[in-house]
Structures are given as C-alpha cells and as structure tokens.
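# Breakdown of the fold
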Amino acid sequence: MRAIVTGDRDRWVKLVMFCCASVSFVGVLLIFLFIFRESLPAITKVGIPKLFLSTDWRPKSGHYGMLAFTFGTVFTTVVAMVIAAPLGIGAAVFIDQIAPEKVGKGVRRVIELLAGIPSVVIGWFALILLVPFIRSVTGSSGFGMLAASLVLVVMSLPTITTLSAESLRAVPVELKEASAAMGATRWQSIYKIMIPSAREGLIIAVILGMGRAIGETMAVQMVIGNASQATASLLQPGSTLTTRIVQDMGEASGVFRSALFAQALMLLLLSVFLIISIRLISRERKHA
Amino acid sequence: MTGRRADKAASTVFWILGITVVVILGFIIIEIFARGLLTALNPKFIFGKPEAIKGGGGVFPMIVSTLYLVALSLIISLPISIGAAIYLSEYAKKGRVTGFIRFCLDTLATLPSIVFGLFGLALFVVYFQWSYCLMAGAFTLAILNLPILLRGTEQAMNLVPDTYREASMSLGASKWTTIRQVVVPSAMPGIITATILPIGRIVGESAAIIYTTGLFIRNIPVNPFDTAAPLAGYVWYAQTEGQGDYLRVVTAGPRCC
Amino acid sequence: MSANDNKMDIKNLSMFYGDFKAIEDISLDIPAQRITALIGPSGCGKSTLVRCLNRMNDLINGVRVEGEVILDGENMYSPGYDTIALRRRVGMVFQRPNPFPKSIYENVAYGPKLGGIKKKDELDAIVEDSLKKAALWSEVKQNLQESGQRLSGGQQQRLCIARVIAVEPEVILFDEPCSAIDPVATQLIEDLMAELKKNYTMVIVTHNMQQAARVSDYTAFLLVQEQGEPGRLIEYGETNTIFTNPEDERTERYITGRFG
C-alpha cells in the first residue's frame, strides 16, 4: 500500500491561507504605524495638549490645534444621528413589518441605489440644491454645519436602514406570533416585542452609521464652508477632521502636513473606539 | 380602544416615514440622472481629453483610469480574499486568534477612506517611492475593500453544503483537494456576486485615491506605475477648481443594483 | 466462519464525542464479499459505527476512538495510518444523495482523477464501467455532460454509487441509502446491491428491517438501553437466524415491532 503523506501539504496550505487572513491584521498594523510615523513630527514639536486639545488652528504661525475639528466631527455626526437614527430605524420597521412585500422590496432597492452613489456625487448634488435652499430659507450663506449634517444623514441612512432591517428580520417569528396570539395589535407587537428584541442590533446599526458619518469626507467638504473655528451654530461654516485634511493637504508640508496626519490618527482612534463599543455591547448581550 | 387607535396612528406615521424617505432619496437619484445625462451621453465627452485650465472637455483618460484601477485592485484583492475566506470558513476554529482577525476586519471596515488615502500616500507613494500611480491606488483600495469582499466570499463558501465536503473526503480526497476542486468551484457564483460591491466602491471612491493615484492627467495611463486620475477623484478636483461640465452620471452609471 | 474470511474485524470499538460515549465495546466481523446489515432503533449508534469504518468521524472535532478496526490484518486506527488511502479502499454512500454540482461525467471521474488518472480514454472507460455497474449507464449515456443534480433522487443515489465504484474500493459502506428515496428506486438499489456483492464487501445501515432481511447475509442489532447510555451490540449472526430465531429477547422485541 502506498503511503501518501498528504498531512504535510495540508499543513502548508493552512499556513498560506492563514497568511491571507492575517493581511487584515498586517493592514491595520501598517496603517497605524505609518499614520503614527507621519504624525510624529507634529506630536513632538507641538506637543499632545496643543495638538489635540487646542482650538487654535493657525498653521501659518505654527499653531495646530485640532480640537475645533474634532468638535466639528462630533457635532455634525450627533446632529446627523438625531435625524438619521429614527428615520433609518423607522424606515427599517416600515420595510420589514408594515409595508406589503413588493413595496418593501421597492424601498429597499431605492436605498441600495443610494448607497452606491459616490460621495462626490452626493456632495455636488448638495452643493447645487441643498445649499441654495438653506440660503433662501435662512438668509445665511447656505454653507455650514446644517448642510454638512444633512449630507451626513443622506450618506448614513442606507447603512442604518439596512442593518436595522437585518436585525428586525433576525427576531424569531415565534415571538411576534406569540404576541399576536395574545391579542396585541401590530404596532404593540413591534413596539413592545420586536424592537426590544432587536435592540442590540439596532444600536449597532446606529453606531456603524456614525462610523460612516465620521469618516465621510468629500460630500461634507463641499458644503461645510471650511472655516477653521469651532462652532456650534448650525448656520455657521466649520470643519471636521476629515474635511480639514482634504482641504489643506494640497499645500501642506513639514509640521503642517504632520499635523494633518495627526488628525488622521485621531480618526483612526475614533474608529477603534466605535468597534470596541460594538464588541462590548455584543458581549453584554451574550451574558444577558 | 386606544390599542387599535395607536396601531392605526403608528401605521400612518410609518407610511408617511417610508414615503418621505423614498421621495427624498428618489428625488436625489432622479435629479442626478437628469442633470448629468445629456452631457454623459455626448461622445466628445466620453472619448475626449480634458482641458487643463478652461475646464470641461472630455474624460476619456479618467474613464480608462477608473477601469484600469478596478482591474488592478481586483487582481490584488481577490486571491487574498479567497485565501482568507478559505481560512476562516474551512480551517479556523473559534478562538482568540479568529476573534482578533475579525476585530481587525471590523476596524478596517469602519476606517474613514481618507485615512486609507493618507496611509497609501505614506507607504506606497512616499516610502516605497512609487509616486502617484495606479499601483499605489490599487493596493490601497485592496486593503480598503478587504472586509467587504471577504464578507461576501466567506458567505459564499459557508453556503456550500457540508455534504459535498463529506462526499469528497469519503472518496479519498485530502482537505485541500476538496477545497480546491469542490468547495471553491461550488462557491464561484457567490464569489462573483461578492465582487459587485467592491467594484462599486472602487468606482466611487475619491478620498482614498486622490492621495495615491493622482488628480489630473491628459493622456491615457498605460503602465500600472503611471499616474492616473480615476473619475471620482477628478470630479472632486474639477469641482474644487471651479470648472464647468459635470460628469455625475458617468460616475452614476457603473453602479450595481 | 473462520477469521480468514473476514474483510474487517471490529474489536472492542468505543467512540466518544468529547466526554459522551456514543458506542461501547463493539466487536463484530465483517465477512468478505457479503452484505452485513446494522439495524436498531434511531440513535442506537449504527451510523456512528459505520462512520468509524472509514474514519469519517475523524472530521468531527473532539472525537476519540478506543479499540481496533482491522482491515486486511492492519488496524486502521494505528498511529500514522494513511486515512486518505483508507477511504479509497473503503467507500461510502450517504443517506441523502450528494452528487457534486458538476456534470455526471465529472462526478464519476472525480475519484479516478484524484488517483492520478489523466488520459481521457482511460477516464471515459472508467466512467462507463462504473455507471454500468451502478445500473445507471443506459439512462444517462446520452447526457453525461448534464449536471448530476438534475437527476431524480433514485438516479442521484445510483450516481453516488457509481462515483464510489469508480475508485475501485474493496468495501462499500451504505448509511441508510434508501431512506430519502421512493420505493421503486429503492427496489432498484436493493437489486443493485445483490449484484455488487459479487465483487465488494458491503456494510449497510438501515432502519428498515424488511430491507435488512431481504438484502443482507449477516445482521447486527444495536441498542441504547437507556437514555444517556452508549449504543451496544446486542446480537449478531446470520440474517436468517436473527430474523427467525433470535437469541436475545431484546432482538426479538425489536424484530417483531414491539418497540423502535
């Protein structure tokens, strides 16, 4: 009988495949390393407090405080979520529970279509339609935090809706049937049973929508006005971490450039923070 | 009967919600198509070269750039994704290592595309000294697309019934032969579908490529190490420079759905 | 029945899923070129046992085996034993027909190709021969390039049998091969098995006692005495004897349908 030693080949294959899978790890590591490396000059020359915690952004005179933009990112994202979360979850409930199947499919198609539209296209569209609209209604320039937030709503809506719909679909049918069998109306079943059951999934959907909003660059940059002060007023122009980078990167060099990389580092940390939050929420669910 | 009234009210609210969302989104989509369509279908536009200072002109090099970029990026990411998917679905056991890989994949999935762009700039353009070129963009996009492509590929493999694997192994095939000759071929249709989303992403991606591939060119890129200007990046560039003619629909065109 | 007539000897075989013992201390002869049937109520361990005979249980995590299974004088569970070669010698037909999503031809050619046969004429000959032996050739010879999954259930199962035959095994294991198939197709497969007996040793797991009585030469009856206990061999002997004059009372009760 031939003794074919195939065990070795299998082990080798497993190693190769594992290397492919670890591209994910290597990728994250490299990204972190190189972004950090490029931000190092700014971190050492300007110092962490002045870099991350100051709102003083005057690159020409060597001031690189990014806090105004961190605030801009957080502010626009929060405002966007206040609108997009109920809208998205509501749309998901609509698609999954309330609309007849064909209508639900149609709405889902529209949302998928929207998800595929490139950022620059949405941005341009906002530029020629949304900004003048805001201008005519409020008398301001039209550019600013409001326009930016609304753009973010449009961009994060597909994510929130799709993931929420998935979470709702994952709720076992038996739960809804049990509720209906007890005489609850459709709305009561949704409100008291389905949404609480899908709660973790819905929260994760919103968090991922936030991730999308935080990372959005082009569309926001076209309508936000690109001012460098922090502002909590919806009608004033401002900047986010992402828009500042794309606005200034073209002419930046030396420490200036490095400061922009530091902003990218900030974005990296924000993303990791979001992922960790999601993990914690999921873990909590398993222990519950 | 507050229960029933509330139900009716809720239904109405949700219908209004649903319709509003559809109307707004539909309006956006229709407007985009309507405004760009005429320009997009003009042959001079599609096949001409862009004007440097005046603005307007054609976008042929941009279209070529985009297609080239899609091809290169897929050539890089498909093998890696399939390999990683094979590992995760056929070899990996539930444990800390697998959990950690998934954590890295999730992180990559949420990272802003501009971070990828800056990373690509720092690594490929500067450190490797490739300068602005298609290869830099292709590699950057390959990493960016990894979580997306992997999700679809892995799902396609998980859908292959275990009974095929059993049949193959019971005939005396090794695990790798089974994967190569039964699992992957069976999963092929699903894998191909899984590339649609990444392709859409590549076509529409701007922030990640303006720092790696290039912004404006007059001639068609030939060598993968040539500078190129994919459409999405060019759109942004043209708009910032305040030039005329917008090519929205051409970008809207190559979208899956 | 002398030991030399046995293709396989099962000696004190026990199998564990982690801590749970699925079958315990089973000793059984598998005579060459005969059909041995394993019968018993659901969950008694007959499928588990038969899957030990080609080491398919190895594919499940956490499985542990004690005892020996001797094939032609060698214990297949000895360390370093080539399981790939083993599965070429001991083939398996599964409960649900599972042809690959490939053409009929490719399904049957899969095994020989693994063995290194590349020439088209050789493969053609093997495919035709195997399909003939599986009583399927006349029905599919015009459509060899069609997908194997387009066939009816009974045809698919015969395709799977052809696929196994193509590898030229010495033993063929059948794990409830007809439970997912209609009665007419079942009859065809039973006739087929009687033919195959001439060249192969066969072990068939079945929950259909009449089938066991019709088809097999020897029968083994397994039983789980109480919930949580492992499956054990209660009685084993020539089929005629088992079905007309069983020794053990439990065997008799099962045969006469008083339980299971």
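Keep in mind the model is a prediction, meaning the values are calculated, not measured.

### Description of the overall build of chain A
Scanning chain A from N- to C-terminus turns up 12 helices and two strands. Element order for chain A, N to C, with α for helix and β for strand: α-α-β-β-α-α-α-α-α-α-α-α-α-α. Out of the 288 residues belonging to chain A, those deemed buried represent 50%. In chain A, once contacts between residues fewer than 6 apart in sequence are set aside, the share between residues at least 24 apart is 74%.

### Comments concerning the overall build of chain B
Assigned secondary structure in chain B consists of 12 helices and zero strands. For chain B, the sequential pattern of α-helices and β-strands runs α-α-α-α-α-α-α-α-α-α-α-α. Here chain B, with 257 residues, has 52% of them falling under the buried criterion. The contacts in chain B between residues at least 6 apart in sequence include a share of 73% that link residues at least 24 apart.

### Topic: the packing of helix α3 (residues 67–98) of chain A against helix α6 (residues 145–169) of chain A
All names here are of chain A. Between α3 and α6, the shortest axis-to-axis distance is 6 Å and the interhelical angle comes to 35°. Read as a crossing pair, α3 and α6 show a hand that is right-handed. Along the lines of polarity and charge, the residues of the contact of α3 with α6 split into 20 nonpolar, eight polar and two charged.

### Points about the confidence of the model for chain A
Chain-level statistics for chain A give a pLDDT mean of 85 and a share of 96% at 70 or above. Predicted confidence in chain A is weakest over helix α8 (residues 186–197) of chain A, with a mean pLDDT of 80, and strongest over α6 of chain A, with 91.

### Overview of the interface of chain B and chain C
Listed as interface residues are 13 residues of chain B and, on the opposing side, 19 residues of chain C. Taken together, the elements giving at least two residues each to the side of chain B that touches chain C come down to α7 (162–170) and α8 (175–194) of chain B. Here the side of chain B that touches chain C is built from residues that sort into six nonpolar, six polar and one charged.

### Focus: the packing of helix α5 (residues 119–138) of chain A against α6 of chain A
All names here are of chain A. As a packed pair, α5 and α6 sit with axes 10 Å apart at the nearest point and diverge in direction by 135°. The angle between α5 and α6 falls in the class oblique. The interaxial crossing formed by α5 with α6 has right-handed handedness. Here Ile 122, Gly 123, Ala 126, Leu 130, Val 131 and Ile 134 of α5 come into contact with α6, specifically with Leu 146, Ala 147, Leu 150, Val 151, Val 154 and Met 155.

### Re the domain arrangement of chain B
It is common to give the size of an interface as the accessible area lost on bringing the parts into contact. Domain parsing of chain B yields domain 1 (2–40) and domain 2 (60–247). On a C-alpha basis, the centres of domain 1 of chain B and domain 2 of chain B stand 33 Å from each other.

### What to know about the pairing of strand β8 (residues 201–205) of chain C
Residue and element names in this part refer to chain C. Extensive coverage of β8 is indicated by the burial of five of its five residues. Side chains of β8 alternate between two faces, with Thr 201, Val 203 and Val 205 and Met 202 and Ile 204 buried alike. With four bridges connecting them, strand β3 (residues 35–39) and β8 associate as parallel partners. Each bridged residue has a counterpart across the sheet, and for Leu 38 the counterpart in β8 is Val 205. Pairing analysis gives five bridges linking strand β7 (residues 171–175) to β8, with the strands arranged parallel. Among the inter-strand pairings, Leu 173 is bridged to a residue of β8, identified as Val 203. For the crossover that starts at β7, traverses helix α7 (residues 183–196) and ends in the parallel β8, the hand is right-handed.

### Here's the deal with the pairing of strand β6 (residues 90–93) of chain C
Residue and element names in this part refer to chain C. In β6, alternate side chains face the same way, and those of Val 90 and Met 92 on one face and Gly 91 and Val 93 on the other are all buried. Judged from the four bridges that link them, β6 and β7 form a sheet pairing that is parallel. Paired with Val 90 across the strands is Val 171, a residue of β7.

### What to know about the nonpolar core
Counting 245 residues, the largest nonpolar core has Ile 35, Ala 147, Val 151, Val 223 and Ala 264 of chain A together with Val 115 of chain B as the members making the most contacts within it. Each of domain 1 (2–40) and domain 2 (60–247) of chain B gives at least three residues to this core. Excluding residues that lie within four positions of it along the chain, Ile 35 of chain A makes contacts with Phe 261, Ala 264, Leu 265 and Leu 268 of chain A together with Val 115, Leu 118, Phe 119 and Ala 122 of chain B.

### What about the interface of chain A and chain B?
Facing the 67 residues of chain A at the interface are 62 residues of chain B. At 20 residues, helix α1 (residues 7–46) of chain A tops the list of elements feeding residues into the side of chain A that touches chain B. Each residue belonging to the side of chain A that touches chain B can be placed in one class, and the counts come to 46 nonpolar, 14 polar and seven charged.

### What to know about the environment of Gln 33 of chain C
Residues and elements named next belong to chain C. Within the secondary structure layout, Gln 33 lies in the loop between β2 (20–31) and β3. Separated by 17 residues in the primary sequence, Gln 33 and Phe 16 place their C-alpha atoms 30 Å from one another. The contact partners of Gln 33, leaving out residues within four places of it in the chain, are Lys 197 and Thr 201.

### What about the environment of Asn 143 of chain C?
Structurally, the position occupied by Asn 143 of chain C is in the loop between α5 (137–140) and α6 (153–165). As a C-alpha pair, Asn 143 of chain C and Val 63 of chain C span 80 residues in sequence and 42 Å in three-dimensional space.

### Notes on unusual backbone geometry
Located in the positive-phi region is Gln 33 of chain C, a residue other than glycine, with phi close to 50°. The phi dihedral of Glu 168 of chain C falls on the positive side, at around 60°, and the residue is not glycine.

### As for α8 of chain A
Residues and elements named next belong to chain A. Here α8 spans 15 Å end to end across 12 residues, near enough to the 16 Å set by a 1.5 Å rise per residue. For α8, the full list of buried residues reads Trp 187, Ser 189, Ile 190 and Met 194. Within α8, the buried residues cover an arc of 140° as seen down the axis, which keeps them to one side. Opposite the packed face of α8, turned more than 90 degrees from it, sit the exposed residues Lys 192 and Pro 196.

### Notes on the environment of Ala 109 of chain B
As for its placement among the helices and strands, Ala 109 of chain B is situated in helix α4 (residues 96–110). It is 39 Å that separates the C-alpha atoms of Ala 109 of chain B and Ser 170 of chain B, two residues lying 61 residues apart in sequence.

### Focus on the confidence of the model for chain B
All names here are of chain B. Per-residue confidence for chain B gives a mean pLDDT of 81; residues scoring 70 or more make up 82%. Across chain B, the secondary-structure element scoring lowest on mean pLDDT is helix α12 (residues 248–252), at 47, and the one scoring highest is α7, at 93. For residues 249–257, every residue scores under 50 in pLDDT, and the model assigns this stretch 30 contacts once sequence neighbours within four places are set aside.

Conventions we followed
- Residues numbered from 1 in each chain as written.
- Chains lettered and ligands numbered in written order.
- Predicted model: local features only at pLDDT ≥ 70, side-chain atom pairs only at ≥ 80, totals over all residues.
- Helix = DSSP H or I, 4+ residues; strand = E, 2+ residues; numbered from the N terminus.
- Buried ≥ 20, exposed ≤ 12 C-beta atoms within 10 Å, placed from the backbone.
- Contact = placed C-beta atoms within 7 Å.
- Axes fitted to C-alpha atoms, helices over the stretch in contact; angles between N-to-C directions.
- Left-handed = near helix turned anticlockwise from the far one by under 90°.
- Nonpolar A, V, L, I, M, F, W, Y, C, P; charged D, E, K, R; others polar.
- pLDDT = per-residue confidence, 0-100.
- Parallel < 35°, antiparallel > 145°, perpendicular 65-115°, else oblique.
- Domains from an automatic or database assignment.
- Pairing = 2+ DSSP bridges.
- Right-handed = clockwise from strand over helix to strand, strands pointing away.
- Core = buried A, V, L, I, M, F, W, Y, C linked by C-beta atoms within 7 Å.
- Expected span 1.5 Å × (residues − 1).
- Arc of directions from axis to C-beta.

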